[in-house]
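Below, each chain spelled out in residue letters.
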Amino acid sequence: MRTGFITDIHEDYDSLRAAFAVLEKHGCEQVICLGDIVGFTLPFQRNIHKRNAEACVAMVREQCCVVVAGNHDLYAVRKIPEYADGFHYGEDWYELDYELRERCARNRVWLYEDSELPHFLSPSAMEYVASLREYETLTVDGTTILLSHFHYPNLSGSSIRFPRSARDVREHFLFMRDHDATISFSGHGHPEGVVRGLWNSFDTHRFGERIDVREGGWFVCPCVANTSRANGVMVWDSRDRHLEVLALGSRKQFTRG
């Protein structure tokens, strides 16, 4: 089966439609969304006049077979992360004023209000986003995969911490093992291509590459949104055990020639 992956849409409806068109062209039989459907952050993102959180949620809800919550999705509905990377939010986190939360956060978790624009979601869309879990598992052609916005114990990406070496994601591989998963797919990092994490190493693959995934691993997908980084989607063929990373053609990619 050919499975498409999208992530980090950030209300960019035009790029989301382009992503589905590319995945359909490449024969995807199902599409998985790895989170951050909403959340428009300045000055990182472009196409502010075309942002449409409601339309993005509706399209993902209709066309994706599995969807997980990203940190911006949780913030949109003021939902406390279940997997908080050791940070204690408390049930009243969003009732506290910004200055107090900033002092408590100590640059450990994202606060959002300093750069994120308000979303415009209907009650129905809010209810759907609030229902999303921070991880899911799925078995495709006999292979069990783990799906999350980022790595365990920071599954939603709500913590600011990013891994600096393979050692920093070994807990994630243990989490995969506990769920009988040999491959894991995430977003959040906005790589220009795909980053693959193994027990002892990281490697990066550029757009257009075809990657052998028989060894398994943790794969971080490119973002859909047109941002300051090149955007794209990913296709996994579970029968021939290869992965393709496909460009969407943001302005940054065009300027590279």
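One can find the structure itself at the top, above this paragraph.
What counts, and at which threshold
- Residues numbered from 1 in each chain as written.
- Predicted model: local features only at pLDDT ≥ 70, side-chain atom pairs only at ≥ 80, totals over all residues.
- Heavy atoms only, no water.
- Helix = DSSP H or I, 4+ residues; strand = E, 2+ residues; numbered from the N terminus.
- Rg over C-alpha atoms; globule rule 2.2 N^0.38 Å.
- Buried < 20%, exposed > 50% of the residue type's maximum accessible area, 1.4 Å probe, protein only.
- Contact = heavy atoms within 4.5 Å.
- Areas by Shrake-Rupley, 256 points an atom, 1.4 Å probe, with all protein chains shown as cover.
- Lys, Arg positive; Asp, Glu negative; His and termini not counted.
- Charge placed at Lys NZ, Arg CZ, Asp CG, Glu CD.
- Pairing = 2+ DSSP bridges.
- Axes fitted to C-alpha atoms, helices over the stretch in contact; angles between N-to-C directions.

(A) A look at the overall build of the protein. Regarding its fold elements, the protein presents seven helices and 14 strands. Scaling as 2.2 N^0.38, a compact globule of 257 residues should have a C-alpha radius of gyration of about 18 Å, and the protein matches this with 17 Å. Principal-axis analysis of the C-alpha atoms places the extent of the protein at approximately 50 × 40 × 35 Å. A buried classification covers 54% of the 257 residues belonging to the protein. Intrachain contacts of the protein at a sequence separation of at least 6 include 72% that bridge at least 24 residues. Counting only carbon and sulfur atoms, one obtains 48% of the accessible surface of the protein, whose full area is about 11,800 Å². Placing the 29 positive and 37 negative side-chain charges of the protein at their respective mean positions leaves the two points 6 Å apart.

(B) How the structure looks around the sheet that holds strand 7 (residues 143-148). Here six strands make up an open sheet; going across it, the order is 6-7-8-12-9-10 and the pairing mixed. If you trace the sheet from one side to the other, it starts and ends with strand 6 (135-140) and strand 10 (202-205), each paired once. Shown here is a sheet whose adjacent strand axes are inclined to one another by a mean of 20°, direction ignored. Pairing analysis gives four bridges linking strand 9 (residues 194-197) to strand 10, with the strands arranged antiparallel. Across the sheet, the residue bridging to Gly197 is Phe202, located in strand 10.

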